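# Architecture and fold: a report
Each chain, letter by letter, is given below.
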Amino acid sequence: MKAKHIINLQKGLTGFVVLGLMWAYHNFTIGPWIYLALHGTYGLLWLLKDQLFPDKQWEQKISLGQGIFVGIILVLYWVAPFLLISRGVVPSAPLIAAAVALNILGVFLHYSSDAQKYFTLKYHPGLITEGFFARCRNTNYLGEVLIYSSFALLAQHWLPFVILALFAAGLFIPNMRKKDESLARYPEFAEYKARSGLLLPQFLPSRNSVLDSQASDSPQNG
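Residues numbered from 1 in each chain as written. Predicted model: local features only at pLDDT ≥ 70, side-chain atom pairs only at ≥ 80, totals over all residues. Heavy atoms only, no water.

## Points about the environment of L171
As for its position among the elements, L171 is in helix α7 (residues 158-183). Taking the relative accessible area as the measure of exposure, L171 reaches 30% and is therefore partly exposed. A sequence separation of 151 residues divides L171 from G20, and the C-alpha atoms of the two residues are 29 Å apart. (Helix = DSSP H or I, 4+ residues; strand = E, 2+ residues; numbered from the N terminus. Buried < 20%, exposed > 50% of the residue type's maximum accessible area, 1.4 Å probe, protein only.)

## A look at the packing of aromatic side chains
Throughout the structure, instances matching the rule amount to 15 aromatic pairs. Here the aromatic rings of Y141 and F172 are separated by 5.1 Å at their centres, their planes lie at 40 degrees, and the arrangement is tilted. Of this pair, Y141 sits in helix α6 (residues 139-155) while F172 sits in helix α7; the two residues are 31 residues apart in sequence, bridging distant segments of the chain. A cation over a ring is seen here: K11 above W46, with NZ or CZ 4.5 Å from the ring centre. (Phe/Tyr/Trp six-rings, centres within 6.5 Å; stacked < 30°, edge-to-face > 60°. Lys NZ or Arg CZ within 6 Å of the ring centre and 35° of its normal.)

## Side note on the environment of L142
Note that L142 resides in helix α6. Separated by 35 residues in sequence, L142 and V107 have C-alpha atoms that sit 9.8 Å apart. Leave out the neighbours within four places in its chain, and L142 touches L109, L199, L200 and P201. (Contact = heavy atoms within 4.5 Å.)

## As for a nonpolar patch on the surface
Where nonpolar side chains cluster on the molecular surface, the patch consists of M1, L64, I68 and I72 and spans about 410 Å² of accessible area. Turning to its location among the elements, L64 is positioned in helix α3 (residues 64-74). (Patch = residues over 30% accessible without salt bridge, like charges linked within 9 Å, V, L, I, M, F, W, Y side chains within 5 Å. Areas by Shrake-Rupley, 256 points an atom, 1.4 Å probe, with all protein chains shown as cover. Salt bridge = Lys/Arg side-chain N within 4 Å of Asp/Glu carboxyl O.)

## A short note on the confidence of the model for the chain
Averaged over all residues, the pLDDT of the chain is 92; the fraction at 70 or higher stands at 92%. Highest mean pLDDT in the chain belongs to helix α4 (residues 79-87) (98); lowest belongs to helix α9 (residues 207-217) (46). Contacts from residues 213-222, a stretch scored under 50 in pLDDT, to residues over four places away or in other chains number zero contacts. (pLDDT = per-residue confidence, 0-100.)

## Structural notes on the side chain of Q10
Topologically, Q10 is positioned in helix α1 (residues 3-24). Beyond its immediate sequence surroundings of up to four residues, Q10 is in contact with L74, Y77 and W78.

## Digging into the nonpolar core
By size, the foremost hydrophobic cluster in this structure holds 40 residues, and its most contacted members are Y35, Y42, Y148, F151, L154 and F172. Every element with two or more residues in this core is listed here: α1, α2 (30-52), α4, α5 (93-123), α6 and α7. Not counting residues up to four positions away in its chain, the partners in contact with Y42 are K11, V107, H110, Y111, E144, I147, Y148 and F151. Counting six residues, the second-largest nonpolar core is a separate cluster that includes L127, I128, L183 and Y192. (Core = buried A, V, L, I, M, F, W, Y, C linked by side-chain atoms within 4.5 Å.)

## Some remarks on the side chain of K4
Looking at the element boundaries, K4 is found in helix α1. A polar atom in the side chain of K4 sits 3.2 Å from the side chain of E59. Discounting residues that sit within four places of it in the chain, K4 has contacts with D50, W58 and E59. (Polar contact = N/O pair within 3.5 Å; in protein donor to acceptor, adjacent residues only side chain to side chain.)

Structure, rendered in structure tokens:
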């Protein structure tokens, strides 16, 4: 099987899992409905993205044992709705507004940057240094962090934030480092790296780029 088959299954089932939790705990308050709309829609958009501009890294084949392991790990993403619904907590209006805003921004950054990367590399392979990647080398991961932060915010519990941190440390950051190592083969990568952030956008020049600029402007010793 391909890695994406397990991932797509988890994404597609999320809405049904949330509905099942709502029914099991007889909790149909505003919080679960907002969560269902946000996380359920995110899962559907993921499936649509896989059809329109799939991520090549999830096309790799894995064994049945690896697939089961990945599936178990992905179940951790359902901890947030479980905590929200089973505990019966009701998020305040400002918290809902913050979660929705974070989610919309995250979805925009995640899927739009993935689309730019897919179609740019399809027709013009090489280093992408403009658009969503002009100041951030991993805008898609930044979007994903914002998305799952919105889910954790709605849950009003520390555990979803810890799970997100573990995913970031165990998957997101290693993948970002691996990507940097791959892009280092391009001669212009050093300059691009100096003016872009690994995860957060970099709008001010780095110290190294400032020093390089000063060195190039200084007169040569005769």
